[in-house]
Amino acid sequence: MKRREINKVWTVRAQQDSPIHKVGMVLEPGHFEEYDPFLFLAEDWFERGVFDFHPHRGMETVTYIIEGILEHSDNKGGAGRLNPGDTQWMTAGRGIVHKEEPAVGETVHSLQLWLNLPAEKKLTVTRYQDLQSAKMPLRQEPGAQVRVFSGSSAGVKAETLNHVPVTMVEITLEPGATISQDLPGGYNGFIYVLEGRGVLGSKETEGKKNQVLWTNPSGDGEDSEITITAKEPLKVVLFAGQPLHEPVVAYGPFVMNTEQEIIQAYADYRSGKFN
Ligand code: MN
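Summary of the structure given here.

Parameters at a glance
- Residues numbered from 1 in each chain as written.
- Predicted model: local features only at pLDDT ≥ 70, side-chain atom pairs only at ≥ 80, totals over all residues.
- Heavy atoms only, no water.
- Donors = N, O, S within 2.8 Å, 3.2 Å for Na, K, Ca; no water.
- Helix = DSSP H or I, 4+ residues; strand = E, 2+ residues; numbered from the N terminus.
- Buried < 20%, exposed > 50% of the residue type's maximum accessible area, 1.4 Å probe, protein only.

## Points about the coordination of the manganese ion
Bound to the manganese ion are the protein donor atoms His54 (NE2), His56 (NE2), His98 (NE2) and Glu100 (OE), situated 2.1 to 2.4 Å from the metal. Sequence positions of the residues that donate to the manganese ion give the spacing H-x1-H-x41-H-x1-E. In this pair, His54 sits in strand E6 (residues 51–56) while His98 sits in strand E11 (residues 96–102), placing the two residues 44 residues apart along the sequence. Taken as a pair, His54 and His98 share a single burial class, namely buried.

## Structural notes on unusual backbone geometry
At the junction of Asp36 and Pro37, the peptide bond is cis and its omega measures out at 10° in the coordinates. The residue Pro37 is located in the loop between helix H1 (32–35) and strand E5 (38–46) in this model. Not every positive phi belongs to a glycine, and Ala154 is a case in point at roughly 50°. Among the structural elements, Ala154 can be located in the loop between strand E16 (152–153) and strand E17 (156–157). What makes Ala154 partly exposed here is its relative accessible area of 48%. One non-glycine residue, His245, lies in the positive phi region at around 55°. Position of His245 relative to the elements: it lies in the loop between strand E25 (234–241) and strand E26 (249–251).

What follows is the structure in structure tokens.
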């Protein structure tokens, strides 16, 4: 098992976008080749009215709730409610129009990842997977808990359906505890620190709250692992996925492979084909 190192570290600085929305970019948009298959990841704090009805096509959103209760509903009658610790895995596919709103009186603090879809799945059937924290498989080791939302951790496997192979785990460690997360060697990956401080990877790179620790693929076709040791009570989320190596043309809420497909997406949306 090849031990991965951390190749890059950065700190997320949140800014007030409007009186009812604060946002920090965990993964900035525009680095599509570097972050492949991830498009971007935003950390948001928001009240009702920020994410009213809007469309998506050609991608998936993965929304992890840190605080607050989030209600979502769409133009096809789909609806759900997410509590802290829950994750929504939404496949926009051919097209969805939805809203994401805090429950009345709530402010939601969340992470939303935009995950690319391969060319042949851009127009796939829209679906939701609302992944409740308490129902997810849990790997337990001394001083460590790994909640598996997608992919697996040391053989503990989530049933979540993936179009793109992605590992998503939430790791909670007591001070001094160590855990290793196994990853296919071809995956790009990153850890976002929600709470505490620790050291990560074969070079024991330091990471603390609001920092992102990026790990490059270690080599296609081999097994790898990333080791995390807590110096203080530590909570992180880890995402890793198989790069698609396809052209990305992103415009607003649509993520396709060509300009022509973006034009088509707008035409389809305007003519009501997302309904
Ligand atoms: Mn949305």
